[in-house]
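Chain and residue survey
Listed below, chain by chain, are the residues.
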Amino acid sequence: MNKNHGSKKGVLGIVITIAVLVISAIFTFGQKNLWKSAINQTDTKTAAVSSLQSSEAATQPLSVHYIDVDQGDSTLICCGEYHILIDCAKKAYEENVFSYLDMMEVDSLDLVIATHPDADHIGGFADLVGKIKPALYVLPQISPNIKKTQTELTLLNTLKTMKVKTEYAVNEKVYAFGDMRITTYITQSEQSDKNEYSVVAKLEYKNASYLFMGDAGKTVENEFMKAQYPLQADVLKAGHHGSSKSSSAKFVRFVAPRYCVFSCGLDNDYGHPHSEVLQIMKKQKVSCYRTDERGSIIIGTDGARYYFATER
Ligand SMILES: [Zn+2]
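Here's what I pulled together on the structure shown here. (Residues numbered from 1 in each chain as written. Predicted model: local features only at pLDDT ≥ 70, side-chain atom pairs only at ≥ 80, totals over all residues.)

Points about the overall build of the protein
Which entries qualify depends on this criterion: Only runs of H or I of at least four residues qualify as helices and only runs of E of at least two qualify as strands under DSSP, and these elements are numbered from the N terminus. The burial label depends on the number of other C-beta atoms within 10 Å of a residue's C-beta. Counts of 20 or more mean buried, 12 or fewer mean exposed, and intermediate counts mean partly exposed, with C-beta atoms placed from the backbone.
Helices and strands together make up the secondary structure of the protein, namely nine helices and 15 strands. Counting over 312 residues, the protein shows a buried share of 41%.

Some details on the nonpolar core
Filter applied, for reference: What we call a nonpolar core is a set of buried Ala, Val, Leu, Ile, Met, Phe, Trp, Tyr and Cys residues whose membership is set by joining through C-beta atoms within 7 Å. We call two residues in contact when their backbone-placed C-beta atoms lie within 7 Å.
Core analysis: the largest hydrophobic core is formed by 71 residues, its most contacted members being Val97, Val112, Ile113, Val138, Val200, Ala201 and Leu211. Ignoring any residue separated from it by four or fewer positions in sequence, one finds Leu211 in contact with Lys202, Leu231, Ala233, Leu236, Lys237 and Val255.

Concerning the pairing of strand S7 (residues 173-177)
Quick reminder of the rule: Pairing between two strands is assigned when DSSP locates at least 2 bridges connecting them.
The sheet contact formed by S7 and strand S8 (residues 180-185) spans five bridges and is antiparallel. What sits directly across from Phe177, in S8, is Met180. Linking S7 to S8, which pair antiparallel, is a turn of two residues; within it Gly178 sits at a positive phi near 60 degrees.

As for the sheet that holds strand S1 (residues 62-66)
Rules: Axis lines are fitted to C-alpha atoms, over the contacting stretch for helices. Their N-to-C directions set the angle, which ranges from 0 to 180 degrees.
Judged by pairing direction, the sheet is mixed, and its eight strands sit side by side in the order S6-S5-S4-S3-S2-S1-S14-S15 without closing on themselves. The sheet is open, and its two borders are formed by strand S6 (166-168) and strand S15 (306-310), each paired with just one other strand. Direction aside, neighbouring strands of the sheet carry axes that sit 15 degrees apart on average. Sheet topology note: the strand S5 (residues 137-139)/S6 ladder contains three bridges and is parallel. Bridging across to S6, Tyr137 finds its partner in Thr166.

Let's talk about helix H5 (residues 150-161)
An α-helical turn contains 3.6 residues, so a residue and the one three or four places further along point in the same direction. Selection rule: In this analysis, the expected span of each helix is defined as 1.5 Å times one less than the number of residues it contains. The directions from the helix axis to the C-beta atoms are what the arc is built from.
Between its first and last C-alpha, H5 extends 16 Å over twelve residues, near the 16 Å set by a 1.5 Å rise per residue. Within the span of H5, buried status applies to Glu152, Leu155 and Leu159. Projected down its long axis, H5 shows its buried positions confined to an angular sector of 65 degrees, all on one face. Across H5 from its buried face, at more than 90 degrees, point the exposed residues Gln150, Leu153, Asn157, Lys160 and Thr161.

A closer look at the sheet that holds strand S10 (residues 208-212)
Ordered in space as S7-S8-S9-S10-S11-S12-S13, the seven strands form an open sheet in which the pairing is mixed. Here the strands that pair on one side only, and so sit at the sheet edges, are S7 and strand S13 (287-290). Across the sheet, the axes of successive neighbouring strands diverge by a mean angle of 20 degrees, strand direction being ignored. Pairing between strand S12 (residues 259-262) and S13: four bridges, direction parallel. Pairing of Val261 across the sheet is with Tyr289, part of S13.

Structural notes on the environment of Met225
On the secondary structure map, Met225 appears in helix H6 (residues 218-226). Its 16 C-beta neighbours within 10 Å are what place Met225 among the partly exposed residues. Here the alpha-carbon distance between Met225 and Lys250, two residues 25 residues apart in the chain, equals 9.0 Å. Apart from residues lying up to four places away in sequence, Met225 is in contact with Lys250, Phe251 and Phe254.

Observations concerning the environment of Pro117
By the secondary structure assignment, Pro117 is in the loop between strand S4 (111-113) and helix H3 (119-122). You can call Pro117 buried: it has 22 C-beta atoms within 10 Å. Between the alpha carbons of Pro117 and Leu155 there is a distance of 9.4 Å; along the sequence they are 38 residues apart. Aside from chain neighbours lying at most four places away, what touches Pro117 is Ile122, Thr149, Glu152 and Lys194.

Topic: H6
Looking at H6, one finds that the buried residues are Val220, Glu221 and Phe224. Around the axis of H6, the buried residues are gathered within 105 degrees of arc, so they sit on the same side. Buried residues along H6 sit against S8 and helix H7 (249-255). The first or second residue beyond H6 is Gln228, which carries a positive phi of 60 degrees.

Spelled out as structure tokens, the structure:
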């Protein structure tokens, strides 16, 4: 009986061992394939992004790179040895920015502009300053009535610890680097919405011009038009990812762009860019480029013509 029982036990043991081996083999094989397909996807992505580096657009004397960071913002400006970064994505997408900076061989930043402290704009900055310490960090001074978020507080603390030179954005202040100049504009009134404090920046290089709106909305657009700021630009980065809270028809006519860029995530929850805004651009014959459709977008210039390259 004992012997019989023992041999039954032995058979059961063998069956269990085989079952475990088979299951683990299936699991390992499956995992390997999953891993392989993840690597292939990364390879394709890296190849597409790398081809941007050698594009005609990227090799112009000035190039503006609207980095694909899903639903968020991050724009790199390169002009000779000078580099400027406007916003740094959500923390979850900060690697998109870091790998892009690596690809473009950017190892210094002369100026960083944090348009406003929303997580989809400043999320990656705390880790960025640990990699590349910017020469100057510009941020908006926001009403004390608007509560600071944890992301913002952590970042301010990091900037302090890392001894990053910071300053509040000043209206109509010009920063010049070689032949490029960037002018900042900021609301002069008390606002209840953080987005309306966005630092708006106009970039000029010879006859070329670009405008970056952050998430500034119609209140600020109206204020700026009333003040008659010289915001005319050939390339407009639409405010607030193409939300209809920004880009009024009047403002788009005022800026009079030839090209417009929307930085937004594929199938984002907000429906950005909104159809109203797309209609306004269409009516005014503005060519539109979207990061959700094209991936990262480069618009380079020699100061007279524009050159385009997109990831897809
Ligand atoms: Zn935003």
